[in-house]
Amino acid sequence: MLARHSLKLPRLTNMCASFCTATAEAAAEPLYNRPKLAPTDYRTGETNTDLHSKVHEAKFYTIAPEIKKQLFSGGGLPRQYEQQVKTFTETCLMVRPAGLELINYIRNTDFKRPAIRYVLYGDNGVGKTLIMAHALHYGLQNNFVLVHVPWVPNWMKRPKETANAAQEGFIDLPFDAAAWLVHFKTQNTNLLTKLQLKTSKDYVWSKREATPAGSTLLELVEHGIARIKFASETIAALLSELKQHASEDKCKVMVAIDGFNAFFHPETRVFGDHKQRITPDRITLTQPFLDITNYNWTNGVCILTVDKIGMTEGFMESYMPRYLLGKEGFEHLDPFVPVRVDNYSDKEFASCVQYYLDRNWIQKTPEGFDEQLKYLSNKNPYTLMQLTRSL
Amino acid sequence: MASLTRLLERNLRNSSTAAGRRLYSQTQEEPAAGTKHEFDDEEFRVLNLRAAKQTDQQKRRVFKKEAALPPRHLKMATDQDWTAVWPGPRTFQPSSVPLPLRQGYTEKGAAPPSKFVNAELMKIPNFLHLTPPAIRQQCEALKKFCTPWPKGLESVEKWEKHFPIEVKSTDYCHALPTIRNPDARRVTLNIKLSDLKFDAHAKDKFLRLVGDRYNPNTGILTIVADRCPLRKQNYDYAMYLLTACYHESFVTEPWEQNKSEADMEYYSFERNKSKQTAEAIINWGIPTDAAKLEVSQDFAQTVELLINEGENEYNLGRYKEEVLKLLSVRNE
């Protein structure tokens, strides 16, 4: 026994020694010799999205707080990302290839032609919503009237309140509709006051209430917000007015709808008169948004995302657009431009890690941590964000 | 008379004293008189139970096992006619097979059991009746029944061309009192669908009529007829089925016009909303009386491919390319 112990001891001491030296090295050089990126390698000062090009790919650009407030105060950034933004005290979006592709398409669009529908698709957490946010910023900077629905499944899955609509068999979501009108107003007040778009016909809401022809769209929206009961009808009126104005070349409209496939889901969690689930087409909000995503107008661009999280169990096998939209949805959108959103490339990944280091979000940097993160997250942006929370 | 009375008197006198006693002593004394006679030679009789048997018993026959003959193969000549020894299929017989066969599992290092009383050798099928000389012999014997191969049917392609229908049936040969086998009536008819001439509607209808008798992987239609008792009847029935289905498929019934889009087997761009939309988009802004633009065939094909084959990155990528062409947008 003694002999065995004596044999073991030297090995143990060896191990101890090597361990100690390793820690010592780590302490001496917290960032081991990985390629360090200068701030210009992962950040760009170019806040004008119209000028974003291949040069800015994989770099972060900052959105000013007031712009962020205007664009996303009613939703539009994922909740986790919103928290991160708060922690980092700045709103930075990465210029992703899919975003650049989308902006290029919009830039090259002939707006005399029917509205083109772009469908962003991709696996969970690859950044579809943030690419849409990028596109929205582009729309804002290029004087598009924004028709932005942050997350359609919210209406279908957890509506604030339901009420029977004036139309037989239809269901209104008055609070959600009013909230959307508020969101629309925040995003577009500046532009709409400048454009002074007028309603083309009288809208009679009830015996005493009416919006006469010639009142501004902002008045229409404000009426909808004040009289929540008519909010859904106001949305229908507003969208048809916008479509008409765009077709008459008075304005450009960017429609951005996240979770668009929820409009074609076989069922909702909204209950009808007989306590049975109703289909999305029985919700009054559906039809106006389907109308505005139709091809039969000009000066418009539709950016839609299809997301399998928007579906319920049993309909989440694939993230491909035809599967998520179903037959009806596909027929409604066809021909659309599918834009695939992928996980980070190596360059984007390095840039993102560097950004996190810059924000002191990653503080422990043992040797090979970025390689580890790469394999753990599979370069998926959302997974990377979750993994680095504890680092 | 006087003597008679005297006799009676003496009897009565006796009876007055011992009449009652005599009445029952008589019964007691009689058996005593009998045994007295038996015991005269003063020996017990022996009850011999076996006496009868012993006399009748014969000697049990002893079966003598005949001494086993030496195995037959020891007497076999080396140039004998093997086909005569083993003319047909048969279980392995060690004595008649002049081969030093061994077969079976043993402990490691030991030789496998020899061919005698070896169940392993008896279990497995043998082909000792199908030796090359035996086959040669049988072929020679059959030759006189053969006719020359028809001219013009030298290759598979040729005979498939001239005889597109393949009919299969099975003859059974066995040792039973009856030579009939119920399975012999079954007739299988095979035909390649490409050998039949169809139009689009007829083909669709024919495939619906035959159902799972058609194998889409091989393109072969198989009709099995076994409902009639005789092979001839089944053959006729199979041919009738083929003929009837073929001709029926060319008939268009009035209710077939009601087939809607949901009933279609595959997606066709021509009859769908996608075509209307695409045409409306490319004809946007063109006056109604002017000539309409047609949607490119490539776009139609990619849409059909996307839906019929199911979506994957490749199909979706092609669709995207075609859409970009159709809408004339580009990614610089």
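Everything quoted here is computed from the prediction, not taken from an experiment.

(A) Geometry of the overall build of chain A. A tally of regular secondary structure across chain A gives 15 helices and 11 strands. The proportion of buried residues among the 391 residues of chain A is 54%. Put simply, chain A shows about 18200 Å² of open surface, and 54% of that area lies on carbon and sulfur atoms.

(B) Expanded view of empty space enclosed by the protein. Residues and elements named next belong to chain A. According to the stated counting rule, one finds two cavities of 30 Å³ or more in the structure shown. Estimates place the volume of the largest cavity at around 60 Å³. Contributing to the lining of the largest cavity are Met 156, Lys 157, Ala 262, His 265, Glu 267, Thr 268, Arg 269, Gly 310, Met 311 and Thr 312. In terms of residue class, the lining of the largest cavity is built from three nonpolar, four polar and three charged. Taken as a whole, the second largest cavity holds about 30 Å³ of empty space.

(C) Spotlight on the packing of helix α5 (residues 97-107) of chain A against helix α6 (residues 128-141) of chain A. Residue and element names in this part refer to chain A. Contact pair α5 / α6: the axes reach a minimum separation of 9 Å and the direction vectors enclose 35 degrees. Judged by the twist between their axes, the crossing of α5 over α6 is right-handed. On α6, the residues that touch Ala 98, Gly 99, Leu 102, Ile 103, Ile 106 and Arg 107 of α5 are Ile 131, His 134, Ala 135 and Tyr 138. When its residues are assigned to classes, the contact of α5 with α6 shows seven nonpolar, two polar and one charged.

(D) Layout of the nonpolar core. Grouped together as the largest cluster of nonpolar side chains are 133 residues, with contacts concentrated most on Trp 180 and Phe 289 of chain A. The residues contacting Phe 289 of chain A, other than those within four sequence positions of it, are Val 147, Val 149, Trp 155, Trp 180, Ile 235, Leu 239, Ile 257 and Phe 263 of chain A. Core analysis: the next-biggest nonpolar cluster, separate from the first, contains 14 residues, Ile 191, Leu 193, Phe 206 and Ala 225 of chain B among them.

(E) Focus on a nonpolar patch on the surface. Residue and element names in this part refer to chain B. A cluster of nonpolar side chains, Trp 149, Val 156, Trp 159 and Phe 163, forms an exposed patch at the surface whose accessible area comes to about 450 Å². Tracing the backbone shows Phe 163 in the loop between α6 (156-162) and β1 (166-168). Exposure remark for Phe 163: the relative accessible area of 53% places this residue in the exposed category.

(F) Layout of the layout of surface pockets. All names here are of chain B. Within this model, the second largest pocket holds a volume of roughly 310 Å³. Around the second largest pocket, the lining residues are His 201, Asp 204, Lys 205, Arg 208, Leu 209, Glu 248, Thr 252, Glu 253, Trp 255, Glu 256, Gln 257 and Lys 259. The dominant element in the lining of the second largest pocket, judged by the number of residues it contributes, is helix α7 (residues 200-210), at five residues. A per-class count over the lining of the second largest pocket returns two nonpolar, three polar and seven charged.

(G) The arrangement of the interface of chain A and chain B in detail. At the junction of the two partners, chain A supplies 32 residues and chain B supplies 26 residues. When chain A packs against chain B, the two sides together hide about 2700 Å² of surface, and 59% of this comes from carbon and sulfur. Of all residues in chain A, Asn 108, Glu 331 and Pro 335 of chain A give up the largest surface area on contact with chain B, accounting jointly for 22% of the area buried on that side. Inspection of the chain A/chain B interface yields two salt bridges.

(H) Representation of the confidence of the model for chain A. Here chain A shows a mean pLDDT of 86. Residues at 70 or above account for 91%. Scored below 50 in pLDDT, residues 1-29 of chain A makes zero contacts in the model with residues more than four places away or belonging to other chains.

(I) Quick peek at the packing of helix α8 (residues 174-195) of chain A against helix α9 (residues 217-226) of chain A. All names here are of chain A. For the pair α8 and α9, the least separation of the axes is 10 Å and the interaxial angle reads 160 degrees. For the element pair α8 / α9, the angle class is roughly antiparallel. For the pair α8 and α9, the sense of crossing is left-handed. Listed contacts from α9 to Ala 178, Leu 181, Val 182, Phe 184, Lys 185, Thr 189, Leu 192 and Thr 193 of α8 are Leu 217, Leu 218, Val 221, Glu 222, Gly 224 and Ile 225. Class assignment for the residues of the contact of α8 with α9 results in nine nonpolar, three polar and two charged.

About the thresholds
- Residues numbered from 1 in each chain as written.
- Chains lettered and ligands numbered in written order.
- Predicted model: local features only at pLDDT ≥ 70, side-chain atom pairs only at ≥ 80, totals over all residues.
- Heavy atoms only, no water.
- Helix = DSSP H or I, 4+ residues; strand = E, 2+ residues; numbered from the N terminus.
- Buried < 20%, exposed > 50% of the residue type's maximum accessible area, 1.4 Å probe, protein only.
- Areas by Shrake-Rupley, 256 points an atom, 1.4 Å probe, with all protein chains shown as cover.
- 1 Å grid on protein atoms, 1.4 Å probe; cavity = no way out; pocket = protein on both sides within 12 Å on 5 of 7 lines; lining within 4 Å.
- Points joined across faces, edges and corners; volume = space filled by probe spheres on them.
- Nonpolar A, V, L, I, M, F, W, Y, C, P; charged D, E, K, R; others polar.
- Axes fitted to C-alpha atoms, helices over the stretch in contact; angles between N-to-C directions.
- Left-handed = near helix turned anticlockwise from the far one by under 90°.
- Contact = heavy atoms within 4.5 Å.
- Core = buried A, V, L, I, M, F, W, Y, C linked by side-chain atoms within 4.5 Å.
- Patch = residues over 30% accessible without salt bridge, like charges linked within 9 Å, V, L, I, M, F, W, Y side chains within 5 Å.
- Salt bridge = Lys/Arg side-chain N within 4 Å of Asp/Glu carboxyl O.
- Buried area = accessible area lost by both parts, 1.4 Å probe.
- pLDDT = per-residue confidence, 0-100.
- Parallel < 35°, antiparallel > 145°, perpendicular 65-115°, else oblique.

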